[in-house]
Amino acid sequence: MRKADTTIKYVEPFSIAEEAGLEAGDKLVKINGHEFHDILEYRYLISEYEITIEVEKKDGAVEIITIESNYEDLGIEFREGLIDKAQSCTNKCIFCFIDQLPKGMRETVYFKDDDTRLSFLQGNYVTLTNMSDEEIDRLIAMHVSPINVSVHTTNPELRCKMLNNRFAGKCFEIMKKFKANGIQMNCQIVLCPDINDKSELERSLRDMASLYPYVNSISVVPVGLTAYREGLYPLKPFNAETSAETIEQVEKIQNEFLEKLGTRLVYLSDEFYVNAGREVPEADSYEGFPQIENGVGLMASMQEEFDSAVKLIPDKKFSRHVVAATGEIAYDFIKSLAERIEKKANGVKIDVYAIKNNFFGGGVTVSGLVTGGDIIAQLKDKPKGDILAIPQSMLRDGEDIFLDDSTVDDVEKALGMPIVPIMNDGYEFIEKLIGCELEF
């Protein structure tokens, strides 16, 4: 096992760690007499009312400190977030989006993680194929839960084919082991026409439902295909007909699960409904939106919030011109919301533009993959607004950078408008577009 880097990068002010005298540059050697090798072991070892830590100070001195943590976080960040390096993926999935990226992007964009620690900490989905039996047992011993699993199919032979990994067929057996040990799971299926849909989809959904309530939720999302698929497995996108067929199939199963289990359990991403030209279900149908990070229920969630927020727009005269950029798939939805704002907010004008994704090409239509370069190219000759509103999802998490490495500043300078990123929140959407806070 690689030597873990347990050097502290940051100590939160007024935290338990600061009170104990820990500083950036100190190295945490042991907790309760145990060495630890990654962030999961660290979290597991500090989950006590009182802990004893061995610390190697910046000057080389070693201290033993007893801390009464009361089960709370100590308030430190390590130099490497996971303490260990992230585990890379050894699969060669036939639908892998990273394999479809154009050349010349930032090197980190091409890294494929398949790390259960990131599943627990950040909600990433993992295939469970890159883990030894010992690692599975370690997760169970520490009761790491929930784990987000990219299942795709419970058919062992088909899963080996889809992931191009001869060990991939063990996934459902591992999931059964998780259930037996009380580990919660959220599951995902990337659906590929004529591969894992239809009867294979039904088999997979019923298999996973047999693990309920330890399988908390299942999302089904359509395969995303770019223009950069030369030499890759031949796949076709979902169209209006196949999207409608999938909706009908899954809705029938949802109704059955609702009657038998008390939950729909499985949810389709918004893209299926838009592709089929159908209204997305009401917010209640998503039962708390357990899979919203997968694009499942984004529109319904925002619509529900918007319907409440639009009533709070003040009755006054505005003077504001907004330019809003969105992906092609969300255009009609965002346009309909903008028109309702214009009717309610006197003097607010909103021009909504669907940005065609030329950077990735193919059938990529989601807002989160729109690049700064495409925004510049398609809006440079359009009328300028007081602001350019974009979904927050267009930017890398925690950064002002688009996927093509152009920055917010680059786009603002090119278009002569300040950019206002907006979360998928109906209240924030209205407030940012009209330029004032809503009063409750």
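Reading the values: the criteria
- Residues numbered from 1 in each chain as written.
- Predicted model: local features only at pLDDT ≥ 70, side-chain atom pairs only at ≥ 80, totals over all residues.
- Heavy atoms only, no water.
- Axes fitted to C-alpha atoms, helices over the stretch in contact; angles between N-to-C directions.
- Helix = DSSP H or I, 4+ residues; strand = E, 2+ residues; numbered from the N terminus.
- Parallel < 35°, antiparallel > 145°, perpendicular 65-115°, else oblique.
- Left-handed = near helix turned anticlockwise from the far one by under 90°.
- Contact = heavy atoms within 4.5 Å.
- Nonpolar A, V, L, I, M, F, W, Y, C, P; charged D, E, K, R; others polar.
- Buried < 20%, exposed > 50% of the residue type's maximum accessible area, 1.4 Å probe, protein only.
- pLDDT = per-residue confidence, 0-100.
- Arc of directions from axis to C-beta.
- Core = buried A, V, L, I, M, F, W, Y, C linked by side-chain atoms within 4.5 Å.
- Salt bridge = Lys/Arg side-chain N within 4 Å of Asp/Glu carboxyl O.
- Pairing = 2+ DSSP bridges.
- Right-handed = clockwise from strand over helix to strand, strands pointing away.
- 1 Å grid on protein atoms, 1.4 Å probe; cavity = no way out; pocket = protein on both sides within 12 Å on 5 of 7 lines; lining within 4 Å.
- Points joined across faces, edges and corners; volume = space filled by probe spheres on them.
- Polar contact = N/O pair within 3.5 Å; in protein donor to acceptor, adjacent residues only side chain to side chain.

A. Just the packing of helix H4 (residues 133-142) against helix H6 (residues 171-180), in detail. Two numbers describe how H4 lies on H6: the axes approach to 10 Å, and their chain directions differ by 25°. For the element pair H4 / H6, the angle class is roughly parallel. Remark: the crossing between H4 and H6 carries right-handed chirality. Judged by residue contacts, Ile-136, Asp-137, Leu-139 and Ile-140 of H4 engage Ile-174, Lys-177 and Phe-178 from H6. Classifying every residue of the contact of H4 with H6 by side-chain character gives 5 nonpolar, no polar and 2 charged.

B. Quick peek at the side chain of Gln-188. You can see Gln-188 is positioned in strand E7 (residues 185-191). Residue classification places Gln-188 among the buried residues on the basis of a relative accessible area of 11%. Ignoring anything within four residues of it in the chain, the contact list for Gln-188 reads Tyr-125, Val-149, Ser-150, Val-151, His-152, Ser-219 and Asn-294.

C. View of the confidence of the model for the protein. Overall, the prediction assigns the protein a mean pLDDT of 89, with 92% of residues at 70 or greater. Per-residue pLDDT stays below 50 along residues 114-122; that stretch engages in 43 contacts with residues further than four places along the chain or on separate chains.

D. Highlighting helix H7 (residues 199-209). The complete set of buried residues in H7 reads Glu-200, Leu-201, Ser-204, Leu-205, Met-208 and Ala-209. One side of H7 holds all its buried residues, which, seen down the axis, span an arc of 165°. Residues of H7 that are buried sit in contact with helix H5 (156-163), H6, E7, strand E8 (215-222), helix H8 (240-261) and strand E9 (266-268).

E. Region of the structure containing the nonpolar core. If you look at the biggest cluster of nonpolar residues, it comprises 78 residues, and the most contacted ones within it are Met-175, Phe-178, Leu-205, Ile-341 and Ile-434. Ile-434 has contacts with Ile-313, Pro-314, Phe-318, Arg-320, Ile-341, Ala-345 and Val-348, leaving out every residue within four places of it along the chain.

F. The arrangement of the pattern of salt bridges in detail. Inspection of the entire model under this criterion finds 18 salt bridges. Note that Glu-173 is salt-bridged to Lys-176, the shortest N-O span being 3.1 Å. On the criterion of helical spacing, the pair formed by Glu-173 and Lys-176 is a turn pair, its members being 3 residues apart in helix H6. You can call Glu-173 partly exposed: its relative accessible area is 49%. Lys-349 is the salt-bridge partner of Asp-351, the closest N and O atoms lying 2.8 Å from each other. For Lys-349, a relative accessible area of 42% gives the class partly exposed. Each of Glu-202, Arg-206, Glu-256 and Lys-260 takes part in one network of salt bridges that share partners.

G. Summary view of the pairing of strand E11 (residues 348-355). Extensive coverage of E11 is indicated by the burial of 6 of its 8 residues. Pairing of strand E10 (residues 320-327) with E11 involves 8 bridges; the strand directions are parallel. Paired with Arg-320 across the strands is Val-348, a residue of E11. Handedness of the crossover is the feature at issue here: the chain leaves E10, passes through helix H11 (residues 331-344), returns alongside E11, and the resulting connection is right-handed.

H. Seen up close, the sheet that holds E9. Reading across from one edge, E6-E7-E8-E9 is the order of the 4 strands in this open sheet, with parallel pairing throughout. Edge positions in the sheet fall to strand E6 (147-150) and E9, since each has one partner strand and no second. Averaged over all neighbouring strand pairs, the angle between strand axes comes to 20°, with direction disregarded. Alignment of E6 against E7, held across 4 bridges, turns out to be parallel.

I. Main features of the sheet that holds strand E12 (residues 387-391). Strand order in this open sheet of 4 strands is E11-E10-E12-E13, and the pairing throughout is parallel. Unpaired on one side and paired on the other, E11 and strand E13 (419-422) mark the two borders of the sheet. The mean angle between the axes of side-by-side strands here comes to 25°, regardless of whether they run parallel or antiparallel. Of the pairings in the sheet, the one linking E10 to E12 comprises 3 bridges and is parallel in character. Looking across to E12, one finds that Val-322 is bridged to Ile-387.

J. Examining the pairing of strand E4 (residues 62-68) more closely. Pairing of strand E3 (residues 50-56) with E4 involves 7 bridges; the strand directions are antiparallel. Counted as the bridge partner of Ile-51 is Ile-67 from E4.

K. Spotlight on the layout of surface pockets. By volume, the second largest pocket is sized at about 440 Å³. Residue lining of the second largest pocket: 19 residues in total, with Glu-279, Val-280, Met-299, Gln-303 and Phe-333 positioned closest to the centre. Within the residue set of the lining of the second largest pocket, elements represented by two or more residues are helix H9 (270-276), helix H10 (298-309) and H11. The element that contributes the greatest number of residues to the lining of the second largest pocket is H10, accounting for 5 residues. Within the lining of the second largest pocket, the residues separate by chemical class into 9 nonpolar, 3 polar and 7 charged.

L. Representation of the side chain of Ser-150 within the structure. Counting through the fold element by element, Ser-150 comes out in strand E6. For Ser-150, a relative accessible area of 6% gives the class buried. Side chain to side chain, Ser-150 and Gln-188 meet in a polar contact 3.0 Å long.

M. Spatial organisation of empty space enclosed by the protein. Counted according to the given criterion, the structure contains 2 cavities of 30 Å³ or more. Counted as a void, the second largest cavity has a volume near 30 Å³. In this structure, the second largest cavity is lined by Thr-153, Thr-154, Asn-155, Pro-156, Arg-159, Gly-169, Cys-171 and Phe-172. Class assignment of the residues belonging to the lining of the second largest cavity gives a composition of 3 nonpolar, 4 polar and 1 charged.

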